[in-house]
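Fold and geometry: a report
These are the residues of each chain, in order.
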Amino acid sequence: MTDETETSIPAPEGDAEIIDTDYTIGQDNFETQVGPFGVDIHNPVFLISGMSIIAFVFYALALPEQAAGFFGWLRPALTANFDWFFMGAANIFVLFCLFLIVSPLGKVRLGGSDATPDYSYIGWFAMLFAAGMGIGLMFYGVSEPMSHFGTSLGGTTVENGVRTDWAPLGGAAGDEAESIRLGMAATIYHWGLHPWAIYAVVALALALFSYNKGLPLTIRSAFYPLLGERVWGWWGHVIDTLAVFATLFGLATSLGFGATQANAGLNELFGVPVSSTTEVILITAITAVALISVVRGLDGGVKVLSEINMGLAFLLLLFVLIVGPTVAILTGFADSLLAYVEYLPALAMPLGREDVNFSQGWTAFYWAWWVSWSPFVGMFIARVSRGRTVREFIICVLLIPSLVCVLWMSVFGGTAIQQVVQDGVTAVSEAPLELKLFKMLGELPLSSITSFIGIILVVVFFVTSSDSGSLVIDTITAGGKIDAPVPQRVFWCIFEGAVAIVLLIGGGLAALQAMVISTGLPFTVILLLMCWAIYKGLKSERG
Amino acid sequence: MFKRIMMPIDLRHLDSQARALTCAHDLAKLYGATVIYVGVSAATPTEVAHTPAEYKAKLAGFATGQAGQGIATESHAIIDHDPAVDLDGALLHAVKDTGADLVVMASHDPGILNYIWPTNGGKIAGHAHVSVLVVR
């Protein structure tokens, strides 16, 4: 073990297998003083990612039609030609994670055999959940089960031998009960094991190579087993730059969508006009709150906000569960889980799919989306997961969030579907995506209070995303240093908000979202390689 | 007069702390006090150490190197989740934990930014309940 190596680096805490490299963290960094601010940035990565982001924004704004045309073509081209690849890879990630739970490798502890966890279960879980998908659950919790339920009920239509409907699998034409089951199964498939397995792979790779192997906390470190010392050169610069790119644009586009949903909610509740001005004000306000959180640091900022949000989300869930159709929801929860297990093999089949609209337009799109978010969420999860064993880590990052998602979808989606099926209320099914949540709440008592909580949740989930995103981008662009001067985080936080505003006004959000999805393809290859690196790294820990 | 002198130390930038180091050393000799070198680092690998254990060992090694010539030294390593932000709070805690009765620390020349964002030395001097000597 490490105590016996010639470099005589003491073991992390107990047994672990440090990688012996000549690279010192921060050796490529550029440290200087800009006005009153201290700066400590990784030499090529900061500049290249910053410049290419600005260049892309200019391209999307200067030639909006060309950009929209190109990216409008690129996204479906990717999901149509590589759907089998995205779906096959995602299955591999799930199987790999499940394998780690049962294999002896699951005993390895992140940070060395004697390391103790940095955070309690509640704080840890709140943070990984808020960073991972809090906001998506607000946006899609009602709308996605409704969509799949509706298309399943509609059944299939075929034109020229190609399916033109959006129903998952073969649909369930006219069968209401089965449409609910299929709709819930399809939704849970998109929010359950597969996305969390994608996050878990990245998070585990980063945590392992940083805490146990002593490499800097940055994406490139996971490639050390593959690239060796070359990982500190251009190969690594490209990997890290891609990660910054995906994170910043992922955040900026989501900020845009979040502003849209919050605006829709405010309009519904208080009659605030839906306009770019309102959205710009919202993004500015979200960024301002995120700034306060950034300056307060990980424990004083993100953690506190994540815990508040978990509490609020839980209250909202409990409220809908109690005042909504409680019995139907609870039986629906068990039924949805069973339906998920039953339909999973068919839904996850990468080849020979006839439901092209669903498997390409929904599933492959989602997988690319999760993958493009994975450097950000994975790195953040890695940052807070030291001291957990691999088994504990996978159970908490894969299984528990999946179960919470099933519960969330059953409560929110189930309530909305019941409103349509039982009460014949059409408000939810007719509303646009960003309004469905508020329309559903509107049918329940105390709707002005719950809708307001809904808006607060959307906003605070965005604050936590913006905040943790700034931490992650700053760490990557500082070459894996987490103690670079705080004004750098402030810079990235403002930059995210500014990019979001510019794209929102210029109409470039859709193009850039397509670009984020496009980074999903190279990153899927990167993730597959990470699985191999994790396996190798864990094996060496077990000696 | 003083028995335990706490000296916050940044192992990355020892050069800029030379005056403060000498100052702590001379005061310890004068009063026959022990100097406790306090360092704050992260759990993630840093340019100083790959792991918390290595950091603790390095800080302890530094303290041992400073001993001799009539002064005793100790080390006190703090591993923090977010040192860039939590540094001041961690150091204020350390004042209590180490039982120090004097803090000697290096600080840079304050600039315009420090009106809204105080220097570490300024913050410690403002909040610690023991004497603080900020060496510029």
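Remember, predicted model here, so these are calculated numbers, not experimental data.

Focus on the overall build of chain B
The number of helices and strands found in chain B is four helices and five strands. Secondary structure elements of chain B occur, N-terminal to C-terminal, as β-α-β-α-β-α-β-α-β. At 14 Å, chain B has a C-alpha radius of gyration in line with the 14 Å of a compact globule built from 136 residues. With the C-alpha coordinates of chain B rotated into their principal frame, the extents come out at 35 × 35 × 25 Å. Expressed as a percentage of the 136 residues in chain B, the buried residues total 48%. For chain B, the computed accessible surface area is about 6300 Å², with 55% contributed by carbon and sulfur atoms.

Observations regarding the interface of chain A and chain B
Note on interface size: it is often stated as the accessible area lost on association of the parts. Residue-level contacts link 35 residues of chain A with 23 residues of chain B. Here chain A packs against chain B, burying approximately 2400 Å² in sum over the two surfaces, 63% of which is carbon and sulfur. Along the contact surface separating chain A from chain B lie four salt bridges. In this structure, the salt-bridge partner of Arg12 of chain B is Asp483 of chain A, at a minimum N-O distance of 3.2 Å. Elements represented by at least two residues in the side of chain A that touches chain B include exactly helix H7 (193-212), helix H10 (276-323) and helix H17 (486-506) of chain A. At six residues, the largest contribution of residues to the side of chain A that touches chain B is made by H10 of chain A.

Things to note about empty space enclosed by the protein
In this approach the atoms are scanned with a rolling probe the size of a water molecule, which exposes any empty space left behind. Residues and elements named next belong to chain A. Per the stated rule, a full pass over the model turns up two cavities of 30 Å³ or more. Taken as a whole, the largest cavity holds about 60 Å³ of empty space. Here the lining of the largest cavity is built from residues that sort into six nonpolar, two polar and three charged. Its boundaries defined by the atoms lining it, the second largest cavity holds a volume of some 40 Å³. Forming the boundary of the second largest cavity are Leu217, Met379, Phe380, Arg383, Leu471, Val472 and Thr475. Per-class residue counts for the lining of the second largest cavity are five nonpolar, one polar and one charged.

Some points on the nonpolar core
Formed by 186 residues in total, the largest nonpolar core has its most connected members in Phe393, Phe412, Met440 and Met530 of chain A. No other element matches the 17 residues that helix H12 (residues 356-383) of chain A contributes to this core. In this view, Phe412 of chain A contacts Gly141, Val142, Leu316, Leu317, Val320, Leu437 and Met440 of chain A; residues no more than four positions away in its chain are not counted. Core analysis: the second largest hydrophobic core is formed by 23 residues, Ala20, Leu27, Val48 and Ala49 of chain B among them.

Here's the deal with the layout of surface pockets
Residue and element names in this part refer to chain A. The space that makes up the second largest pocket amounts to roughly 480 Å³. Looking at the second largest pocket, it is lined by 25 residues, and the ones nearest its centre are Phe139, Tyr140, Phe257, Trp369 and Gln513. Tallying contributions element by element places H12 first for the lining of the second largest pocket, with seven residues. Taken together, the residues of the lining of the second largest pocket break down into 15 nonpolar, eight polar and two charged.

Things to note about helix H1 (residues 43-62) of chain A
Taking 1.5 Å of rise per residue, 20 residues should cover 28 Å, and H1 of chain A covers 29 Å from first to last C-alpha, within 8% of that figure. Among all positions of H1 of chain A, only Pro44, Val45, Phe46, Ser49, Gly50, Ile53, Val57 and Ala60 of chain A are buried.

Section: a nonpolar patch on the surface
All names here are of chain A. Taken together, the side chains of Leu47, Ile48, Met51, Trp234 and Val238 make up a nonpolar region of the molecular surface, amounting to roughly 530 Å² of accessible area. Breaking the nonpolar patch down by element, the ones donating at least two residues are H1 and helix H9 (234-270). Position of Val238 relative to the elements: it lies in helix H9. Val238 gets classed as partly exposed once you look at its relative accessible area, which sits at 47%.

Some remarks on the confidence of the model for chain B
Residues and elements named next belong to chain B. On average, residues of chain B score 88 in pLDDT, and 93% of them reach the 70 mark or higher. Summarising per-element confidence for chain B, the mean pLDDT is lowest in helix H4 (residues 120-127) (85) and highest in strand S1 (residues 4-8) (94). In the predicted assembly, ipTM is 0.76 and pTM is 0.87.

Comments concerning the sheet that holds strand S4 (residues 102-106) of chain B
Residue and element names in this part refer to chain B. Strand order in the open sheet formed by five strands is S3-S2-S1-S4-S5, and the pairing between neighbours is parallel. With partners counted over all chains shown, the strands left at the sheet margins are strand S3 (72-80) and strand S5 (131-135), one partner each. When the angles between neighbouring strand axes are averaged without regard to direction, this sheet yields 25°. When S1 meets strand S2 (residues 34-42), the two strands line up parallel, connected through five bridges. Across the sheet, residue Arg4 finds its bridge partner in S2, namely Thr34. The strands touched by helix H2 (residues 52-66) are S2 and S3; relative to S3, the strand with the most contacts, the crossing angle is about 160°. Strands in contact with helix H3 (residues 83-98) are S1, S2, S3 and S4; relative to S2, the strand with the most contacts, it is inclined by about 150°.

Side note on the pattern of salt bridges
This model, assessed by the stated rule, comprises 18 salt bridges over all chains. Where Asp474 of chain A meets Arg489 of chain A, a salt bridge forms, and the shortest distance between an N and an O atom there is 4.0 Å. Of this pair, Asp474 of chain A sits in helix H16 (residues 447-477) while Arg489 of chain A sits in helix H17, and the two are 15 residues apart along the sequence. Across the pair, Arg489 of chain A and Asp474 of chain A agree in class, each one buried. A salt bridge links Arg12 of chain B to Asp10 of chain B, with the shortest nitrogen-to-oxygen separation between them at 3.1 Å. Take Arg12 of chain B: its relative accessible area is 32%, and that puts it in the partly exposed class. On the basis of relative accessibility, which here comes to 23%, the residue Asp10 of chain B falls in the partly exposed class. What emerges from the salt-bridge pattern is a single network uniting Glu178, Arg181, Asp335 and Glu342 of chain A.

The rules behind the values
Residues numbered from 1 in each chain as written. Chains lettered and ligands numbered in written order. Predicted model: local features only at pLDDT ≥ 70, side-chain atom pairs only at ≥ 80, totals over all residues. Heavy atoms only, no water. Helix = DSSP H or I, 4+ residues; strand = E, 2+ residues; numbered from the N terminus. Rg over C-alpha atoms; globule rule 2.2 N^0.38 Å. Buried < 20%, exposed > 50% of the residue type's maximum accessible area, 1.4 Å probe, protein only. Areas by Shrake-Rupley, 256 points an atom, 1.4 Å probe, with all protein chains shown as cover. Contact = heavy atoms within 4.5 Å. Buried area = accessible area lost by both parts, 1.4 Å probe. Salt bridge = Lys/Arg side-chain N within 4 Å of Asp/Glu carboxyl O. 1 Å grid on protein atoms, 1.4 Å probe; cavity = no way out; pocket = protein on both sides within 12 Å on 5 of 7 lines; lining within 4 Å. Points joined across faces, edges and corners; volume = space filled by probe spheres on them. Nonpolar A, V, L, I, M, F, W, Y, C, P; charged D, E, K, R; others polar. Core = buried A, V, L, I, M, F, W, Y, C linked by side-chain atoms within 4.5 Å. Expected span 1.5 Å × (residues − 1). Patch = residues over 30% accessible without salt bridge, like charges linked within 9 Å, V, L, I, M, F, W, Y side chains within 5 Å. pLDDT = per-residue confidence, 0-100. Pairing = 2+ DSSP bridges. Axes fitted to C-alpha atoms, helices over the stretch in contact; angles between N-to-C directions.

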